[in-house]
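Read off the chains here:
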Amino acid sequence: MHDHDDHDHHHGDGCGHDHQLAKDQTAVRQISIPDRSDAPILVEVTRGAMVESRHRGRVVVVDADARVVAHWGDVDGLVYPRSSNKALQAIPLIESGAADAYAVTDEELALACASHQGETMHTQRVAAWLDRLDLSVDHLECGAHLPTHEPTAAALLAAGGRPTALHNNCSGKHTGFLAVAKHKGEKLAGYVRYQHPVQQRILGVIEQVTGQDLSRAPWGVDGCSIPTIGLPLGALALGMARLADPDSLPDRRAEAVTRLRRAWGAHPELVGGTGNFDTEVMRAANSAVLLKSGAEGVCCAVLPEHGLGIALKIEDGAPRAAGPAMAAVLKRLGVLPDTVWDGVAHLAVAPVTSRRGDTVGEIRPTAAAAG
């Protein structure tokens, strides 16, 4: 633990009790925040002329042979992937034969990998997929929340509507789970539980692709009620690298990965939504990079042309920091042309705005991230 290093001024009889300092600003000395090697400061938030907040994080870039190409901070520290590994969770949808049995489209495969924003283009497609499975929204065990796309949420409420599980950002993934359970003749109710065959099958996939024995790994319940498994950040990056370059995987799994990757790249708007960081960067890059963010400041990238995977974790869980940090890492690696960055400058360095909409600061990567 290094927290004491971050708080190196003397309190005396309590912070803020030296009123003379408030009167005499020349007496205030500059205090630097040490940039720890295990979790460097990757993103800073400015307001006016001052840096107001800082976010520490860790990033690992690996190839499909588990070689670390670059890293910022601790490679081995555990992280819950949250929604960043949805493509791994979708592999059994194809491997089990369910995708072929139910004529699952590339759009639906993209939704199985998505954290969508609950826009009409998302909910209508998920509803149609459920209908084709002879299932309904009541079979989804992900829970309901308002669309994360604010105009869609406002329109829903203005019309007197209420959110359903279709609006849950994970509804596509859960429809994929139901498709697998139905195809395999497994019980539909409780498909979210750790011991259910659907989740155990996913656990086996994650073990093989990340090269981990997860039998004793810590796990918790994700926001959508399925298990999320603790992985070393480097192992999560390896999983992404093997999505980028699946040659070392068994043939059937490699074919599933290739199919999922094609769907993921072809429909970035379904993976996220309007104005979403993942969607906009993938669109600008013409899907030369595949992105998937998760809750609590996690973000993963798959670089098929380079055979690389990236996993990033913002230590305090702030989602606002994950995008600028990932953008800085991608730019520093030189894997995308400058023309791409021209299209996503507002995402790579995000504005801080007042309630009136005036730009009053920015969320930007530090030199540690941007180089």
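In what follows, the structure referred to is the one given above.
So, here is what we can say about the structure in this document.

Thresholds, definitions, all that
Residues numbered from 1 in each chain as written. Predicted model: local features only at pLDDT ≥ 70, side-chain atom pairs only at ≥ 80, totals over all residues. Heavy atoms only, no water. Helix = DSSP H or I, 4+ residues; strand = E, 2+ residues; numbered from the N terminus. Buried < 20%, exposed > 50% of the residue type's maximum accessible area, 1.4 Å probe, protein only. Contact = heavy atoms within 4.5 Å. Polar contact = N/O pair within 3.5 Å; in protein donor to acceptor, adjacent residues only side chain to side chain. Axes fitted to C-alpha atoms, helices over the stretch in contact; angles between N-to-C directions. Left-handed = near helix turned anticlockwise from the far one by under 90°. Nonpolar A, V, L, I, M, F, W, Y, C, P; charged D, E, K, R; others polar.

Let's talk about the environment of Val329
Counting through the fold element by element, Val329 comes out in helix 13 (residues 319-333). What makes Val329 buried here is its relative accessible area of 1%. Along the chain, Val329 and Ala66 lie 263 residues apart, while their C-alpha atoms are 19 Å from each other. In this structure Val329 touches Val59, Val61, Trp72 and Ile310, once residues within four positions along its chain are discounted.

Topic: helix 12 (residues 277-284)
Of the residues making up helix 12, those classed as buried are Phe277, Asp278, Thr279, Val281 and Met282. Buried residues along helix 12 sit against helix 10 (251-266), helix 11 (268-271), strand 8 (290-294), strand 9 (298-303), helix 13 and helix 15 (345-348). For helix 12, the N-terminal cap is Asn276; the gap from its side-chain oxygen to the backbone nitrogen of Asp278 is 2.9 Å. Just downstream of helix 12, Asn286 is the residue with a positive phi angle, here 55 degrees.

Observations regarding the packing of helix 2 (residues 86-95) against helix 10
At a closest axis distance of 9 Å, the pairing of helix 2 and helix 10 adopts a crossing angle of 115 degrees. Handedness of the crossing formed by helix 2 with helix 10: right-handed. Of the residues in helix 10, those touching helix 2 at Ala87, Ala90, Ile91, Ile94 and Glu95 are Arg252, Arg253, Ala256, Val257, Arg259, Leu260 and Trp264. Of the residues assigned to the contact of helix 2 with helix 10, the class counts are 8 nonpolar, no polar and 4 charged.

So, the environment of Ala263
Note on placement: Ala263 falls in helix 10. Of the residues examined, Ala263 reaches a relative accessible area of 0% and is grouped as buried. In sequence terms Ala263 and Leu111 are 152 residues apart; their C-alpha atoms lie 9.0 Å from each other. When near neighbours in sequence (up to four residues on either side) are disregarded, Ala263 contacts Asp106, Leu109 and Ala110.

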